[in-house]
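Residues per chain, in single letters:
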Amino acid sequence: PSVSINKVAQEIIDTIEPMLPFSRHITIIDNYFGIGKKGSKAVLHELFKCAEQYSCLEKVTLISNIKDKNPAQDFEREFKNRYQSLPIFELINDLPDGFFHDRYFFTKRMAIKVGQGFSEVTAQGTAADYLHFNLISTTEMETILDSLKMAIAEGKATIQTIFAKV
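Residues numbered from 1 in each chain as written. Predicted model: local features only at pLDDT ≥ 70, side-chain atom pairs only at ≥ 80, totals over all residues. Heavy atoms only, no water.

Draft legend 1. How the structure looks around the sheet that holds strand S1 (residues 2-6). With mixed pairing, the 8 strands of this open sheet are ordered in space as S1-S7-S6-S5-S2-S3-S4-S8. Single-partner strands in this sheet number two, and they are S1 and strand S8 (158-163). Sheet twist, expressed as the average angle between the axes of neighbouring strands with direction ignored, equals 20°. As defined by bridge partners, S1 adjoins strand S7 (residues 130-135) across 5 bridges and the pair is classed as antiparallel. Residue pairing across strands places Ile5 opposite Leu131, the latter belonging to S7. The sheet strands contacting helix H4 (residues 138-153) are strand S2 (25-29), strand S3 (59-63), strand S4 (88-93), strand S5 (103-106), strand S6 (111-114) and S8, and the helix crosses S5 at an angle near 105°. (Pairing = 2+ DSSP bridges. Helix = DSSP H or I, 4+ residues; strand = E, 2+ residues; numbered from the N terminus. Axes fitted to C-alpha atoms, helices over the stretch in contact; angles between N-to-C directions. Contact = heavy atoms within 4.5 Å.)

Structural data, given as C-alpha cells:
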C-alpha cells in the first residue's frame, strides 16, 4: 500500500501522525535532511507541534549525511524556546557514501519508505512535487537498523546527542 502527498510540511506530518502513538521513539533516515535546512526545519516544527499535542514523543533519531556546521546550536536556536516539551534529539552521520539510498521513517512497530526526502519543497509543477509513502515490513526495518548498528560499532558512523531533556 502507498499514498502520495504534496511535499509540504503539514501534509508530511499529517501522513505520519497516525504512526506516532505506536512508539515513543522515531527514526528518520534521509541523507539530505539537515537541521539547518529550511525545508527540514519546517517538517521538524510540524513534528514537534504534533508531538507536543499528544505528548507522545520522547526521542527522535535522525540519520543524515548533511554536515550542518553546528547542529546542536542550530537546534537550540530554532526549536528550544518554541516548544514546552521537546524530545531527545540524536543525530547519526558520517556514514559511507551510498549507505542508504531510500529514505525511511520508523516507529517501534511500523515503517515506511519514500523515494525522495522528507523535507518540504517549493512546488515546481512536476512529479517531484509529490512524496510517495510505502509501507514496508518490520523485517526490512530490522535489517536496516541492524546494518546501521554494525556501521556504528565499526566506527563508520558518528552519533551525537543534539538535544537532551534537562
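Still to come is the rest of the account.
Draft legend 2. A look at the packing of aromatic side chains. Following the criterion strictly, the structure yields 11 aromatic pairs and no others. Taking 5.0 Å as the distance between ring centres and 50° as the angle between the ring planes, the aromatic pair formed by Phe75 and Phe79 counts as tilted. Of this pair, Phe75 and Phe79 both sit in helix H3 (residues 71-80), 4 residues apart, roughly one helical turn. For the residue pair Phe75 and Phe79, the accessibility class agrees, reading buried in each case. Consider the rings of Tyr104 and Phe106, whose centres lie 5.5 Å apart with planes at 40°: the pair is tilted. Accessibility classification places Tyr104 together with Phe106 in one group, the buried group. Ring-pair connections join several aromatic residues into one group, and the members of that group are Phe48, Phe75, Phe79, Tyr83, Phe89 and Phe163. (Phe/Tyr/Trp six-rings, centres within 6.5 Å; stacked < 30°, edge-to-face > 60°. Buried < 20%, exposed > 50% of the residue type's maximum accessible area, 1.4 Å probe, protein only.)

Draft legend 3. Spatial organisation of the nonpolar core. The biggest cluster of nonpolar side chains holds 36 residues, and the ones touching the most others in it are Leu47, Phe48, Phe75, Phe89, Phe105, Phe118 and Phe133. With 7 residues, helix H2 (residues 38-54) is the single largest residue contributor to this core. Not counting residues within four places of it along the chain, the set of residues in contact with Phe48 comprises Val60, Phe75, Phe79, Tyr83, Leu86, Pro87 and Phe89. Within the second largest apolar cluster, 14 residues are counted, among which are Ile29, Phe100, Tyr104 and Ala111. (Core = buried A, V, L, I, M, F, W, Y, C linked by side-chain atoms within 4.5 Å.)

Draft legend 4. Molecular detail of H4. Taking 1.5 Å as the rise per residue, H4 with 16 residues should run 22 Å; its terminal C-alpha atoms sit 22 Å apart, in good agreement. Every buried residue of H4 is accounted for by Met141, Ile144, Leu148 and Ala151. Angularly, the buried residues of H4 cover 90° about the axis, an arc narrow enough to put them on a single face. Exposed residues on H4 whose side chains face more than 90 degrees from its buried face are Thr139, Thr143, Lys149, Met150 and Ala153. Turning to H4, the residues buried within the fold contact S2, S3, S4, S5 and S6. Positive backbone phi, at 75°, marks Gly155, one or two positions downstream of H4. (Expected span 1.5 Å × (residues − 1). Arc of directions from axis to C-beta.)

Read these as geometric descriptors, not functional statements.
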